Amino acid sequence: MSTVGDDNVVPIFKAVSSSARQLFQLLNCIRFAAKVHVQISAEGLRFAVEESRVMQGIVFLDKALFTTFHCVIPETLDEEPDVIDLPNFQISLSALLETLQIFGAADVTSSRFAKPDNDGYNSNIRPGRQNAFSNQALGMAGICRLSYAGIGSPFSIILEESGVTTTCNLNTYEPENPQEIPFQRDAMQVKIIMQARWLFDAISELSTTSPMRLDLIAFPEAPYLSLSAVGPLGSASVEFAKGRELLETFSVAEKWTQSYKFEMIKAAAEAMRLASKVSVRGDEQGVLSLQFMVEVEGGGISFVDFRFVPFLREDDEDNEDAEDDEDEYENEDDEFE
Amino acid sequence: MAILTFTLSPEAIGKLYDSLVCLGKFSEAVSIEASHDKLVLTALNSSKSAYCSFTLIGNKFFSKYLYRPVRSSNQSKEKFTCKIYNKALLSVFKGRVVDPTREKDTAVERCDVSVEDGEGKSKSRFVIKMVCRHGVLKTFRLTFESVAPMHALFVRESANNCWSISSRTLKEFVEHFGPGTEQLDIYSEDARVSFTSYTEKIMSGNEILKQPLHTTIAVDTLEFGEFAVEEKLHIVISVKDFKSMVAHAGILNVLVKALYSRPSSPMQLSYSDEGIMSEFILMTIGESRGGSATPANASRTGSKRPASKQPLEATSSPKRTATSMPPPPMNAAPSLNRETTRSRISRPSPPPPQPSVQSQSLFLEGDDDRRWDPANFDGEEEEEMLLWDTGGEKVRSINFWRAHDNLSKDAVTMNSARRHQGSAQQDQDSNDRRRPPAQESGDYNLIPTQRLAPTQRLSEVRGMFDD
């Protein structure tokens, strides 16, 4: 963190939010890597986090989340009018989150000092809602100003809450130019929309076996969707057998089986907890896209996007879990590079 | 083909979970034994000094219970036994209790458990199916180890001391026991019962390893449902095990019944709730209280009992054998100079709690009693030391948990044990005559085990017992 000198240059980006809390809640969903890649556009801020090129989490903070939002895209010197060079940079995600929760924006259950669930006070009906003693309810809502002057300058956050002002300047880093995990919308094989908490429930159920891998199977008929995992003490599976009642949208042409690293899917658990709905999509290469619809208070609807690259299929599956899913795995043609 | 299938209602899941939590305080693995009318869950702690068992009655606890023994080549097995890592079971049954504040979207409607033991053909798994609302089905397939459990055996007939008390009352008592205390002494005198949780002071050179701490709760016998306990008898058990029991019993509103005979014989604590019978067998520690006044009296009254023999047995299915050892005579009149004698003895680790001078001074009131009986002062003191030794302690606990590894040798030991027991009984009236056999059995207890690593099988040291 450094101090900014007074610049006469008009900053590229300036925005004011009435509360840091929504921003925190959304960004906390993708808290699985050290750095976040930020891209500023006229529509909002896009935060992208990736892990070993096989997992990606994207949060888009729409300008509707802010009370004021100004973005002046600097004109590029290159004479390529169709390519707009949006300002982008990297910042430390944990530092950003620490800053945003400096006034206690984090709710108890999602902070690092989380208590075990169900201590009697936090019901998990609408997790993340404000309770009677949150700052918002007590009329202590502060404001949060974000600004970015231009390449090389820090991303600064000014938080004001009940007369206390905190200024944080987060150093920006050169963007790494990450590639997005390609998801073939035209070759989509699975699309399921369901309540996010059911997915959360299933994942937390499976995590008790401390598995390495998550197997996701979608069937055109019952049991429709099955998640299973194998751990050292046994295996566990969750099936959504009454597909029609549980799954809002369900389009699966044929049986689709993929495996993912469990820890990665679990990294999306915060989004599952917070979101109201999730769209589970899979393409023919096995890339899994989880799109979460999050309703933040007062901020309308935001989306948190995850993409996962599957494990390469191997013939020598350990036959531990092969009881239900007959091993009709074909070799995956090629994994995403 | 499942050997065992049963169905649990959401309430039963909660009760089962409570039981598992309790079992988890004793051992990291749960032994499961299924027979045609009941399912028994047991755990034995690693030092084999505490045993916990829950018997779930087939037609009462479960909504459906069916045991279909496999007909193998020779005969059908009467029981199915296995062992499962408790952590796996706990995580399956955790958090299933229907919570009104919780959304009921994914609440469990029922739980179907089936055990498949394919013996080569199909997989052997303990399959738990949680059927939740909206047709969500959660299936857990746990691996298990096919071993017979070890059961501690408690001989009800010889337990002449008995009390029962409400579990809620016990729960209140337990809250007062100091967190660092190790032993719990139960003692009654003049219609008052004292529960004393304490830690003896342990010193190593000048360094104080443990500070003494005593908490005594005195209760009127009217608090008890029934109370028939020998006056002035000190019985000492582990606070931790007792607390584990109370933590479970306290959830229910039941009458906890305790049965025991005398120090260094097991104590049984039992209670039952709808469909669940809970039983705890805890080893009691030999006379530990430095200034306790009564042991001489206690053993004398004890010797007058027709069946003062305390076989410490262990059973194991399918075979069931029992071993018995004569408990060393309980003529543990403490002596004034006991500390000095104690300090001379080098103890094998872990040391039993040693009464410190300070702690003893708290219990000096009863000292009159020991002057009462000065004739066999020296002899008793010596026996007391032997009794007190961890060596002797280990032999008893070995017996307590011993399984059926060697039938014939067991029989021999039993006979020799009975012989000793008999002789000890015969001789108990006269203190002078009692000494030799008592010391002999004391030696048996002390010498072999002191030289053996505690992990050695008893069968390997049998020779020393048999000669």
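Every value quoted in this text rests on a predicted model; they were computed, and no experiment measured them. Throughout, a residue's number is its position along its own chain's written sequence, starting from 1. Whichever chain is written first is A, and whichever ligand is written first is 1; the rest continue in order. Restriction of local features to residues with pLDDT of at least 70 applies here, the model being predicted, together with a cutoff of 80 or more for giving and counting side-chain atom pairs; totals for whole chains, interfaces and linings are based on all residues. To obtain the side-chain values, all non-hydrogen atoms of the structure were used and water was disregarded.

A closer look at the overall build of chain A
A run of DSSP states H or I qualifies as a helix once it reaches four residues; a run of E qualifies as a strand once it reaches two. Both are numbered from the N-terminal end. Counting secondary structure elements, chain A contains six helices and 18 strands. Buried residues are those whose accessible area, probed at 1.4 Å on protein chains only, stays under 20% of the maximum for their type, while exposed residues exceed 50% and partly exposed ones sit between those limits. Buried positions account for 49% of the 337 residues belonging to chain A. Within chain A, counting contacts between residues at least 6 apart in sequence, those at least 24 apart form 66% of the total. About 16300 Å² of surface is accessible on chain A, with carbon and sulfur atoms providing 50% of the total. Working rule for contacts: check all heavy atoms of both residues, and any pair within 4.5 Å makes them a contact. Accessible surface is estimated by sampling points in the Shrake-Rupley manner with a 1.4 Å probe; for residues, cover comes only from the protein chains shown.

Structural notes on the overall build of chain B
Each helix and strand counted, chain B has 14 helices and 22 strands in total. Across the 467 residues that make up chain B, the buried fraction comes to 58%. Sequence-distant contacts, at least 24 apart, represent 71% of the contacts inside chain B between residues at least 6 apart. For chain B, the exposed area adds up to about 20200 Å²; of that, 52% sits on carbon and sulfur atoms.

Details of the pattern of salt bridges
Residues and elements named next belong to chain A. Any Lys or Arg side-chain nitrogen located within 4 Å of an Asp or Glu carboxyl oxygen qualifies as a salt bridge. All chains considered together, the criterion is met by 14 salt bridges over all chains. Taking the shortest distance from any N to any O, the salt bridge between Glu50 and Arg53 comes out at 2.7 Å. For Glu50, a relative accessible area of 21% translates into the label partly exposed. The exposure class of Arg53 is partly exposed, given its relative accessible area of 42%. Among the salt bridges present, the one from Glu248 reaches Lys277, with a minimum N-O distance of 3.2 Å. Of the two residues, Glu248 is situated in strand S14 (residues 247–252) and Lys277 in strand S16 (residues 277–283); the sequence distance between them amounts to 29 residues. Overlapping salt bridges bring together Arg46, Glu180 and Arg307 as one network.

A look at the side chain of Arg46 of chain A
Residues and elements named next belong to chain A. The topology assignment puts Arg46 in strand S3 (residues 44–51). N or O atoms closer than or at 3.5 Å make up a polar contact, with two conditions inside protein: a donor-capable atom paired with an acceptor-capable one, and, for residues adjacent in sequence, both atoms drawn from side chains. Reaching out from Arg46, the side chain makes a polar contact with the side chain of Glu180 at a distance of 2.8 Å. Leaving out residues up to four positions away in the same chain, Arg46 has contacts with His37, Val38, Gln39, Ile58, Val59, Phe60 and Glu180.

As for the confidence of the model for chain B
Residues and elements named next belong to chain B. One confidence number per residue, pLDDT, is output by the predictor and ranges from 0 to 100. Per-residue confidence for chain B gives a mean pLDDT of 70, with 56% of residues at or over 70. Every residue in residues 315–453 is under pLDDT 50, and counting partners more than four places away or in other chains gives 243 contacts. Within the model, the stretch residues 462–467 combines pLDDT values under 50 with 17 contacts to residues more than four positions away or in other chains. Among the prediction metrics, the complex's ipTM stands at 0.77, with pTM recorded as 0.69.

Remarks on the sheet that holds strand S16 (residues 213–220) of chain B
All names here are of chain B. The rule for pairing is simple: two strands pair if DSSP sees at least two bridges between them. The four strands lie next to each other as S16-S13-S12-S18, forming an open sheet whose pairing is antiparallel. Among the strands making up the open sheet, the edge pair consists of S16 and strand S18 (235–238). Neighbour-to-neighbour, the strand axes of the sheet open up by a mean angle of 20°, direction not taken into account. Relative to S18, strand S12 (residues 183–189) runs antiparallel, the two being bridged by four bridges. Axis geometry follows a simple rule: fit a line to the C-alpha atoms, using only the stretch in contact for helices, then measure angles between N-to-C directions, giving values from 0 to 180 degrees.

Quick look at the environment of Ala107 of chain B
Residues and elements named next belong to chain B. For Ala107, the location among the structural elements is in the loop between helix H3 (86–93) and strand S7 (108–116). Once the C-alpha coordinates of Ala107 and Val136 are considered, the two residues, 29 residues apart in sequence, prove to be 9.5 Å apart. If we skip the residues at most four places from it in the chain, Ala107 touches Cys132 and Arg133.

Describing the packing of aromatic side chains
Residues and elements named next belong to chain A. Only the six-membered ring of Trp is used, alongside the rings of Phe and Tyr, when aromatic pairs are assigned; centres must lie within 6.5 Å, and planes under 30 degrees apart are stacked while those over 60 apart are edge-to-face, with the rest tilted. Counted by the stated rule, this structure contains 22 aromatic pairs over all chains. A ring pair is formed by Phe32 and Phe306, whose centres lie 6.2 Å apart and whose planes are at 35°; its orientation type is tilted. With Phe32 in the loop between helix H1 (20–28) and strand S2 (35–40) and Phe306 in strand S18 (residues 300–308), the pair connects residues that are 274 residues apart, well separated along the chain. Side by side, Phe32 and Phe306 carry an identical accessibility label, which is buried. In this structure an aromatic cluster arises from ring pairing among Phe13, Phe66, Phe69, Phe89, Tyr148 and Phe155. In this structure, Lys35 is placed above the aromatic ring of Tyr173, and the distance from its NZ or CZ to the ring centre is 4.0 Å. Only Lys NZ and Arg CZ are tested; either one counts as a charge over a ring when it is within 6 Å of the ring centre and within 35 degrees of the ring normal.

A few points about the sheet that holds S7 of chain B
Strand pairs in the sheet, formed through backbone hydrogen bonds, run parallel or antiparallel to each other. Sheet architecture is open: nine strands sit in the order S15(A)-S11(A)-S12(A)-S13(A)-S9(B)-S8(B)-S7(B)-S1(B)-S5(B), paired in antiparallel fashion. Sheet topology places strand S15 (256–261) of chain A together with strand S5 (64–67) of chain B at the edges, where each strand pairs with a single neighbour. The mean inter-strand angle of the sheet, taken between neighbouring strand axes irrespective of direction, is 15°. Where strand S13 (residues 234–240) of chain A meets strand S9 (residues 136–142) of chain B, seven bridges bridge the pair, whose relative direction is antiparallel. Directly across from Glu239 of chain A, in S9 of chain B, lies its bridge partner Leu137 of chain B. H3 of chain B rests against strand S1 (2–8), S7, strand S8 (125–132) and S9 of chain B of the sheet, and its axis sits at about 10° to S8 of chain B.

What about helix H3 (residues 196–206) of chain A?
The periodicity of an α-helix, 3.6 residues per turn, causes residues three or four places apart in sequence to face the same way. Counted residue by residue, H3 of chain A has nine buried out of 11 residues, so it is predominantly covered. Buried residues of H3 of chain A: Ala196, Arg197, Trp198, Leu199, Asp201, Ala202, Ile203, Glu205 and Leu206 of chain A, and no others.

Focus: the packing of H1 of chain A against helix H2 (residues 93–100) of chain A
Residues and elements named next belong to chain A. Taken N-terminus to C-terminus, the directions of H1 and H2 make an angle of 150°; their axes are 9 Å apart at the nearest point. Between H1 and H2, the crossing angle belongs to the class labelled roughly antiparallel. Our pair here, H1 against H2, has a crossing hand that is left-handed. Contacts from Ala20, Leu23, Phe24, Leu27 and Asn28 in H1 reach Leu96, Leu97 and Leu100 in H2. Residues of the contact of H1 with H2, tallied by class, amount to seven nonpolar, one polar and no charged. Relative orientations are named as follows: roughly parallel for angles under 35 degrees, roughly antiparallel for angles over 145 degrees, roughly perpendicular for angles from 65 to 115 degrees, and oblique for any other angle. Put simply, a crossing is left-handed when the front helix is turned counterclockwise from the back one by less than a right angle, and right-handed when it is turned clockwise. Put simply, Ala, Val, Leu, Ile, Met, Phe, Trp, Tyr, Cys and Pro go in the nonpolar bin, Asp, Glu, Lys and Arg in the charged bin, and everything else, Gly too, in the polar bin.

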